[in-house]
Amino acid sequence: MYVLNAWYVAAWSNEITSAPVKRTICELPLVLYRRKDGTAVALADRCAHRAFPLSSGRVVDDSIECGYHGFAYGSDGVCTRVPAQTTIPERARVRSFPVLEKDGWVWVWTGEASEADPASAPDTHWMNDPGWATVTHSVPFACRAELIHDNLLDLTHESFLHQTTVGDDYIYEHGITVEVEGDVVSVDRLMPGVEAPPLYAQTMGTTGLYDRFHCTEFRLPSYHVLHSGITGQGRPREEGYLIKVLNGITPIDAHTSWYYYAFSRNFAIDDTAATEDLRVGLATVLEEDAEALRLQEIGMQQRPDDEHDVLIAQDAGVAKARRLMTQMLRKEAAAKAASSPEGAPRARRAVANA
Amino acid sequence: MLVREHADQAGADATPLDGPDQQERAPRTLAACPDSDDRGEAWRWSVTLVPEDQGWTVQVDTDEKHVRGTRTVHRDGAVVDVSRASGDEIVIVPTAGQALVADATGPWRRWLRPGDVFVGEGETAEDLRLTLAPGQGEVTVVSLSPTGSAALRWVP
């Protein structure tokens, strides 16, 4: 089950060219490509003729041509050419998905196209802000998306899983403040009077004690911003060394996900060596997460149905997010059921005999 | 934990509401332990917003073997220091007007209004200051204490 009326990250902008790109989002196979005017297109990756994947075809004059029998589809999904005949069958069309591209991210709306509101796409402006430097990664994770959400909402795992990079023993010693508003769950942790984490301290050029903080802001169902950093003891956060970690979590299917990751910082932004060090270091962090969640996914699949997570106080945000996700799924299911009456007769016109 | 305006509703009676001072008038679970019956944990306590003839009241139900609960109502411009002992749980529910809840020792503060619920818990004691805005303000403070040694949790 997936929340479909939502924007999901499908790719980085530079991945979408005139060559077809295959993606699967929420079990929907998609093909993405870019038109000559620069517009990104997302279509169902299945030719209406014989279900051949369009991503195995090619783009010709802003249409995608099936690599099997040459059916061509425009960016609206309507078939524009059937090579073997001049008549185009009425049903020869594939589904077209709303696409939104901003700040280097390509988002696809997987639900009802009429509900796709570009204004509802998450804030990613740090990617384009000259006051910030950014490192990006995208990694396929061998786990369900829920495990990545849990991971980001409970950062005490940093103390154990990421000991050499962003972890420190003190993280789990500090409590959290959870806030829920609309479809956003925030989990905030303040760690006063501590050292900067090892991966960042060198780039920040810091020694001594600071107030460290991180606040995961989960905008359900697919995007987290981690507002993180250190500041002088007792000083406002905005004065400090700030980090915004943008996390686009895209379900592929029930057991795999794409993880789109951007790490933006407001310090040492012209330091290319620091950027490279962070790129390597953060790749390590993601590898550690990917391996841990792969193992957890196996554990989840092996676990009996009547055995459940034992949640603790640090999981308050996790529990809240799960409940909100359940509510979103129920709401969508109810709306879908209401809009698809069963047994509605098809309109037919009787043709009288002459 | 601060939950704004029905963003999330604990318990089985998760009927969407618009706010206690608006049209919908059905009981609503504000906080409960466990937060969900999905994991098979034993029920310990719940705090529910219940409609009355003239407004709303906050109902506290506990498993008395494990949890002791008290409920205090504050009104109109009151300034109240709320101390939560280690392992206790507090649930602050504005039912009319606005109230400011603040950490007595730190910068954290939030305005609460009807529909919101603030839940405090943890093994470390804490002091909060609750300030009701002048006017027709009303806030219920629920204190829950364990009868045994285990700290109370919203998520057990």
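The coordinates are above.
A few points on the structure.

Basis of the calculations
Residues numbered from 1 in each chain as written. Chains lettered and ligands numbered in written order. Predicted model: local features only at pLDDT ≥ 70, side-chain atom pairs only at ≥ 80, totals over all residues. Heavy atoms only, no water. Helix = DSSP H or I, 4+ residues; strand = E, 2+ residues; numbered from the N terminus. Buried < 20%, exposed > 50% of the residue type's maximum accessible area, 1.4 Å probe, protein only. Lys, Arg positive; Asp, Glu negative; His and termini not counted. Charge placed at Lys NZ, Arg CZ, Asp CG, Glu CD. 1 Å grid on protein atoms, 1.4 Å probe; cavity = no way out; pocket = protein on both sides within 12 Å on 5 of 7 lines; lining within 4 Å. Points joined across faces, edges and corners; volume = space filled by probe spheres on them. Nonpolar A, V, L, I, M, F, W, Y, C, P; charged D, E, K, R; others polar. Pairing = 2+ DSSP bridges. Salt bridge = Lys/Arg side-chain N within 4 Å of Asp/Glu carboxyl O. Contact = heavy atoms within 4.5 Å. Core = buried A, V, L, I, M, F, W, Y, C linked by side-chain atoms within 4.5 Å. Expected span 1.5 Å × (residues − 1). Phe/Tyr/Trp six-rings, centres within 6.5 Å; stacked < 30°, edge-to-face > 60°. Lys NZ or Arg CZ within 6 Å of the ring centre and 35° of its normal. Axes fitted to C-alpha atoms, helices over the stretch in contact; angles between N-to-C directions. Parallel < 35°, antiparallel > 145°, perpendicular 65-115°, else oblique. Left-handed = near helix turned anticlockwise from the far one by under 90°.

On a plain count of helices and strands, chain A comes out with 5 helices and 18 strands. Projecting the C-alpha coordinates of chain A onto the three principal axes gives extents of approximately 95 × 50 × 35 Å. Across the 354 residues in chain A, those meeting the buried criterion constitute 50%. Across chain A, the centroid of the 33 positively charged side chains sits 11 Å from that of the 49 negatively charged ones.

All names here are of chain A. Taken as a whole and assessed by the stated rule, the structure comprises 2 cavities of 30 Å³ or more. Taken as a whole, the largest cavity encloses approximately 200 Å³ of empty space. Lining the largest cavity are 20 residues, and of these Glu 158, Val 166, Leu 226, Tyr 261 and Val 285 sit closest to its centre. Among the elements of the structure, helix H1 (145-153), strand E15 (210-219), strand E16 (223-231), strand E17 (241-253), strand E18 (256-265) and helix H4 (272-302) are those that each provide at least two residues to the lining of the largest cavity. Top element by residues in the lining of the largest cavity is H4. It accounts for 4 residues. Its residues assigned to classes, the lining of the largest cavity comprises 11 nonpolar, 6 polar and 3 charged.

A separate point is the sheet that holds strand E9 (residues 96-97) of chain A. The strand order across the open sheet formed by 4 strands is E2-E3-E4-E9 (chain A), and the pairing between neighbours is antiparallel. Edge positions in the sheet fall to strand E2 (21-25) and E9 of chain A, since each has one partner strand and no second.

Let's shift gears to the pattern of salt bridges. Residues and elements named next belong to chain A. In the structure shown here, the tally under the stated rule is 25 salt bridges over all chains. Taking the shortest distance from any N to any O, the salt bridge between Glu 239 and Arg 235 comes out at 2.7 Å. With a relative accessible area of 45%, Arg 235 lands in the partly exposed category.

Attention shifts here to the environment of Gly 77 of chain B. Residue and element names in this part refer to chain B. Mapping Gly 77 onto the fold places it in the loop between strand E5 (67-75) and strand E6 (79-84). In this structure, the C-alpha to C-alpha distance between Gly 77 and Ala 99, residues 22 residues apart in sequence, is 8.7 Å. Ignoring any residue separated from it by four or fewer positions in sequence, one finds Gly 77 in contact with Leu 132, Ala 133 and Pro 134.

Among the nonpolar cores identified, the biggest contains 62 residues, and Tyr 73 of chain A together with Val 91 of chain B are the most heavily contacted of them. Per-element tally for this core: the top contributor is helix H5 (residues 316-339) of chain A, with 6 residues. If you look at the next biggest cluster of nonpolar residues, it comprises 30 residues, including Tyr 210, Phe 263, Phe 267 and Leu 293 of chain A.

Before going further, it helps to examine the pairing of strand E3 (residues 45-52) of chain B. Residues and elements named next belong to chain B. When you tally the buried positions in E3, you get 6 out of 8 residues, the bulk of the element. Direction of pairing for strand E2 (residues 28-33) relative to E3: antiparallel, over a ladder of 5 bridges. Note on E3: the bridge partner recorded for Cys 33 is Trp 45. The hairpin turn running from E3 into strand E4 (residues 55-62), its antiparallel successor, is 2 residues long.

Our next topic: H5 of chain A. In this model H5 of chain A runs 35 Å from its N-terminal to its C-terminal C-alpha over 24 residues, within 8% of the 34 Å that 1.5 Å per residue would give. Taken as a whole, H5 of chain A has its buried residues at Ala 316, Gly 317, Val 318, Ala 319, Lys 320, Ala 321, Arg 323, Leu 324, Met 325, Leu 329 and Glu 332 of chain A. Tucked inside the fold, the buried residues of H5 of chain A contact H1, strand E13 (177-181), strand E14 (184-194) and E15 of chain A together with strand E1 (2-3) of chain B.

The next point concerns the sheet that holds strand E6 (residues 63-65) of chain A. Residues and elements named next belong to chain A. Strand order in the open sheet formed by 4 strands is E5-E6-E7-E8, with antiparallel pairing between adjacent strands. What marks the edges here is a single partner per strand, and that holds for strand E5 (58-60) and strand E8 (79-81). The sheet contact formed by E6 and strand E7 (residues 72-73) spans 2 bridges and is antiparallel. The partner of Glu 65 across the bridge, within E7, is Ala 72.

Our next topic: the packing of aromatic side chains. All names here are of chain A. Inspection of every chain in the model, using the stated rule, returns 13 aromatic pairs over all chains. Judged by centre distance (5.3 Å) and plane angle (70°), the rings of Trp 7 and Trp 109 are edge-to-face. Taken together, the positions of Trp 7 in strand E1 (residues 7-12) and Trp 109 in strand E11 (residues 105-109) put the pair 102 residues apart, joining distant regions of the chain. Relative accessible area serves as the criterion here: at 6%, Trp 7 is assigned to the buried category. Ring centres of Phe 160 and Tyr 172 lie 5.3 Å apart, and the angle between their planes is 20°; this geometry places the pair in the stacked category. Residue Phe 160 is found in helix H2 (residues 158-161), and its partner Tyr 172 is found in the loop between H2 and E13; the two are separated by 12 residues along the sequence. Assessed through its relative accessible area of 36%, Tyr 172 is described here as partly exposed. Put simply, the rings of Trp 12, Trp 105, Trp 107, Tyr 223, Trp 258 and Tyr 260 pair up and form one aromatic cluster. The ring of Trp 258 has Arg 23 lying over it, and the distance from NZ or CZ to the ring centre is 5.1 Å.

Residues and elements named next belong to chain A. The geometry of H1 relative to H4 is characterised by a closest axis approach of 10 Å and an angle of 125° between their N-to-C directions. The orientation of H1 with respect to H4, classified from their angle, is oblique. Relative to H4, H1 is oriented so that their crossing is right-handed. Note on element contacts: H4 touches H1 through Asp 289, Leu 293, Gln 296, Glu 297 and Met 300, opposite Leu 147, Ile 148 and Asn 151. Partitioning the contact of H1 with H4 into residue classes produces 4 nonpolar, 2 polar and 2 charged.

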